[in-house]
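For reference, the chains in residue letters:
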Amino acid sequence: MTKDITKLLKGKPTISKAKTSKVTKPSTKKKLTATIKETPITQNTSTKKKVTINDKTFEYEEKMHSSTCRILGTHGVRFQSKLYSELMKTHKENFLNNNNNGHDTKKLRFQIASFDLDDTLIQTKSGFKFGKSADDWKFKYPEIQEKGKLTEWIMKANEDCKDDETTTIPIMVIFTNQGGVTNNHDSNEPKSKSLLKLLTKLQLILDSSPLAEVPTLIYASTKKSKKDLQNGVGSDDQLHSSFRKPGIGMFEQLKMDLGDGVGVGVGIDGVLIDMEKSFYVGDAAGRKSDFSDSDKKFAENVGLKFYTPEEFFV
Ligand SMILES: [Mg+2]
């Protein structure tokens, strides 16, 4: 299935299954070859970053946890799949070439299939409300795995976007509130048990089929420790609250990261999301049996079409 999808993606990269993958772009006269290597886990590697949410700019420290995971201040974490990284690399090279030829970089469009995580994509195996361990989860609907609903969407999105005037990149994004997970400010301090469990779990999810077969990003909002709250360190409290759904922080972070990914600079200029063809699926829809309406409100706040999991998967 991976090969089928990547064949359909513009730029037609060839993804090998080995840890070191070659990405070849046959559309240009001179073939470009990029090599993606496993980045070793590095501690205490941090970069100062900025994100703008509702016209307010926040600074935070981005720390590398692994080649696929970054810790965003104390307010969140981001994962990106290897397939996503490889695609961004190919498109970045395409854009640099187009820019040199005087083409407009704004012809780039992303299509976003986005999902809540708990009780939307996954549920616990144990039957408990919260997972007992990093592997206490399974996909909630057979449609996700067996019927290939997600891979189907990516392939259809690619089929539908054969307009040469626009380069469309369909990707999958997970936005999840993890308010029970403590994210310590001081990277010399050991990571909390809850954070380590979440990081292991999200990596397992990212590596599982069908997610490993689609370009995927995961954003999770986390909480500040009591000690960091008392000491007034870590991410701004307002950034913490806007990063939690129904706040729009994770979506603004996504736009910034997409801009970075294709090399049009930090910020949202030049990156367009095709909102008409993008959507968000979540179980907190404000129905009688729902614990909240935070997913429905989140979709409204960012301007995405909303579906409940039952509407989308069943
Ligand atoms: Mg949920």
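Just so it is clear, the structure is predicted and the values come from calculations on it, not from any experiment.

Caption draft 1: Region of interest: the pairing of strand E4 (residues 56-64). Pairing analysis gives eight bridges linking strand E3 (residues 46-53) to E4, with the strands arranged antiparallel. Residue Thr52 lies in a different strand from E4, and its bridge partner there is Thr57. The antiparallel hairpin formed by E3 and E4 contains two residues in its connecting segment, where Asn54 sits at a positive phi of about 50°. In this antiparallel pair of consecutive strands, E4 and strand E5 (residues 69-72), the connection spans four residues.

Caption draft 2: Helix H4 (residues 149-160), seen in detail. With twelve residues, H4 should cover 16 Å at 1.5 Å per step; its first-to-last C-alpha distance of 16 Å lies within 8% of that length. All of the buried residues along H4 are Leu150, Thr151, Ile154, Ala157 and Asn158. Buried residues in H4, looked at end-on, bunch into an arc of 125°, giving them a common side. In this structure, H4 carries Lys156, Glu159 and Asp160 as exposed residues pointing more than 90 degrees from its buried face.

Caption draft 3: Fine view of the environment of Glu311. If you trace the backbone, Glu311 turns up in helix H10 (residues 309-313). Put simply, Glu311 and Val281 are 30 residues apart on the chain and 8.8 Å apart in space, counted from C-alpha to C-alpha.

Caption draft 4: Molecular detail of the nonpolar core. Residues Ile171, Val173, Ile174, Leu202, Leu217, Ile218 and Tyr219 are the most contacted members of the largest nonpolar core, which totals 60 residues. Here the element with the most residues in this core is strand E10 (residues 167-182); it accounts for seven residues.

Caption draft 5: Region of interest: the environment of Ile144. Along the polypeptide, Ile144 turns up in helix H3 (residues 142-145). A tally of 23 C-beta atoms within 10 Å means that Ile144 is categorised as buried. Residues Ile144 and Ile122 lie 22 residues apart in sequence; the distance between their C-alpha atoms is 9.6 Å.

Rules and cut-offs
Residues numbered from 1 in each chain as written. Predicted model: local features only at pLDDT ≥ 70, side-chain atom pairs only at ≥ 80, totals over all residues. Pairing = 2+ DSSP bridges. Helix = DSSP H or I, 4+ residues; strand = E, 2+ residues; numbered from the N terminus. Expected span 1.5 Å × (residues − 1). Buried ≥ 20, exposed ≤ 12 C-beta atoms within 10 Å, placed from the backbone. Arc of directions from axis to C-beta. Core = buried A, V, L, I, M, F, W, Y, C linked by C-beta atoms within 7 Å.

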